[in-house]
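Chain by chain, the residues run as shown.
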Amino acid sequence: RGNNYIMMGCKSPEHILLKASDGASDYGNKIGEPLVLGFARDFGITCGNTRREWLKPIMFSGGVGMVSDKNTIKDEPQKGMKIIRIGGPAYRIGMGGGSASSRSQSDSDSSQNMMAVQRGDPQMENKVVRVIRLLSSMERNPIVSIHDQGAGGMGNVTKEIVGGKGGVVDIASSFIGDDTMTSLEVWCAEYQEQVSCLIEEDDLELVKQVCRREGVDCSCIGWVSGDGNIKV
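Keep in mind the model is a prediction, meaning the values are calculated, not measured. (Residues numbered from 1 in each chain as written. Predicted model: local features only at pLDDT ≥ 70, side-chain atom pairs only at ≥ 80, totals over all residues. Heavy atoms only, no water.)

Focus on the layout of surface pockets
For step 1, the next point in the chain: Here the second largest pocket is characterised by a volume of approximately 660 Å³.
For step 2, the next point in the chain: When residues of the lining of the second largest pocket are traced back to their parent elements, those giving at least two are α5 (122–136) and β7 (145–148).
For step 3, the next point in the chain: In the lining of the second largest pocket, the residues fall into nine nonpolar, seven polar and six charged. (1 Å grid on protein atoms, 1.4 Å probe; cavity = no way out; pocket = protein on both sides within 12 Å on 5 of 7 lines; lining within 4 Å. Points joined across faces, edges and corners; volume = space filled by probe spheres on them. Helix = DSSP H or I, 4+ residues; strand = E, 2+ residues; numbered from the N terminus. Nonpolar A, V, L, I, M, F, W, Y, C, P; charged D, E, K, R; others polar.)

Structure representation (structure tokens):
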């Protein structure tokens, strides 16, 4: 089956797993968090004359951390709470990651594949981690709820964090690294190590002060509306 991968323009599972492991270890070591846990999954099955399998093995990796018991349960979003985003700027990365993983791969769509790939920024990740650690260790944690941004970008994580209560989002308030991006791209793109948080309006300046100290952007992009709709 190895020749079939080459004919389809794909890297072999062995190549992907080795490079993914190397990349995860390299990323973690850059911010002083060695890779200590990880596993990989592959799948293939033949049913009659039909072969079905993942062409891209999935790798999971991570470290070990500690969280205070008081921070294990998220509070419910309430009308008027601010939606903030902490982290790096938006670029044309992570665009269409889900569809790119599902379609046949070839050299003809290499530019689309490149846009679909998420790219990590260890230095920015380190800054974001320091902000979260400081805020969450305060006697009264100002973070009501927090979501790490994944596939789907702001369009996904913003809807998640308001928890069905609805919200108003000012897309022009986003931290953008490429001024040529369209509004749709800003809404859907992967950002550099971004997290979205809900906070009370009275805590906004405190959070911004912490972010300024750590050298990371903090954008207030909207608020919880309470009407059940997302308005962008």
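Thoughts on the environment of Val 157
For step 1, the next point in the chain: Along the chain, the position of Val 157 falls in helix α6 (residues 153–161).
For step 2, the next point in the chain: What makes Val 157 buried here is its relative accessible area of 2%.
For step 3, the next point in the chain: When the C-alpha positions of Val 157 and Cys 197 are compared, they lie 9.7 Å apart, and in sequence the two are 40 residues distant.
For step 4, the next point in the chain: If sequence neighbours within four positions are ignored, Val 157 has contacts with Arg 85, His 147, Asp 148, Gln 149 and Ser 196. (Buried < 20%, exposed > 50% of the residue type's maximum accessible area, 1.4 Å probe, protein only. Contact = heavy atoms within 4.5 Å.)

Quick notes on the pattern of salt bridges
For step 1, the next point in the chain: Considering all chains together, one arrives at six salt bridges under this definition.
For step 2, the next point in the chain: For the salt bridge of Asp 178 with Arg 92, the shortest nitrogen-to-oxygen distance reads 2.9 Å. Note that Asp 178 is positioned in the loop between β8 (167–169) and α7 (183–188) and Arg 92 in strand β6 (residues 90–93), a separation of 86 residues in sequence.
For step 3, the next point in the chain: Since its relative accessible area comes to 25%, Arg 92 is described here as partly exposed.
For step 4, the next point in the chain: Here Arg 130 and Glu 214 are joined by a salt bridge, their closest N and O atoms 2.6 Å apart. Within this pair, whereas Arg 130 is found in helix α5, its partner Glu 214 is found in helix α8 (residues 204–214), the two being separated by 84 residues in sequence.
For step 5, the next point in the chain: Overall, the relative accessible area of 12% leaves Glu 214 in the buried class.
For step 6, the next point in the chain: One network of salt bridges, in which partners are shared, links Arg 92, Asp 178 and Glu 185. (Salt bridge = Lys/Arg side-chain N within 4 Å of Asp/Glu carboxyl O.)

A look at the packing of α5 against α8
For step 1, the next point in the chain: Contact pair α5 / α8: the axes reach a minimum separation of 10 Å and the direction vectors enclose 140°. Taken together, α5 and α8 sit at an angle that is classed as oblique. Handedness of the α5/α8 crossing: right-handed. Only Val 207, Val 210, Cys 211, Arg 213 and Glu 214 of α8 make contact with α5, whose side of the interface consists of Lys 127, Arg 130, Val 131, Leu 134 and Leu 135.
For step 2, the next point in the chain: Split by residue class, the contact of α5 with α8 holds six nonpolar, no polar and four charged. (Axes fitted to C-alpha atoms, helices over the stretch in contact; angles between N-to-C directions. Parallel < 35°, antiparallel > 145°, perpendicular 65-115°, else oblique. Left-handed = near helix turned anticlockwise from the far one by under 90°.)

As for the sheet that holds β7
Strand pairing within a sheet occurs via backbone hydrogen bonds; the two strands may be parallel or antiparallel.
For step 1, the next point in the chain: Spatial strand order, β7-β10-β5-β11-β8-β12: six strands in an open sheet with mixed pairing. With one partner strand each, in any of the chains shown, β7 and β12 (230–231) form the two edges of the open sheet.
For step 2, the next point in the chain: Sheet topology note: the β8/β12 ladder contains two bridges and is parallel. Within β12, the residue paired with Gly 167 across the bridge is Ile 230. (Pairing = 2+ DSSP bridges.)

Focus on the nonpolar core
Most often, soluble globular proteins have nonpolar side chains that are buried together.
For step 1, the next point in the chain: The biggest cluster of nonpolar side chains holds 17 residues, and the ones touching the most others in it are Ile 83, Met 154, Val 186 and Leu 198.
For step 2, the next point in the chain: Sorting the residues of this core by element identifies α6, α7 and β11 (217–224) as the ones contributing at least two each.
For step 3, the next point in the chain: Ranked by size, the runner-up nonpolar core spans 16 residues in total, among them Ile 86, Val 131, Cys 197 and Val 207. (Core = buried A, V, L, I, M, F, W, Y, C linked by side-chain atoms within 4.5 Å.)

Overview of a negative patch on the surface
For step 1, the next point in the chain: A cluster of acidic residues, Asp 75, Glu 76, Glu 200, Glu 201 and Asp 202, forms a negative patch on the protein surface.
For step 2, the next point in the chain: Turning to its location among the elements, Glu 201 is positioned in the loop between β10 (195–199) and α8. (Patch = residues over 30% accessible without salt bridge, like charges linked within 9 Å, V, L, I, M, F, W, Y side chains within 5 Å. Areas by Shrake-Rupley, 256 points an atom, 1.4 Å probe, with all protein chains shown as cover. Lys, Arg positive; Asp, Glu negative; His and termini not counted. Charge placed at Lys NZ, Arg CZ, Asp CG, Glu CD.)

All quantities given are derived from atomic positions and should not be read as evidence of function.
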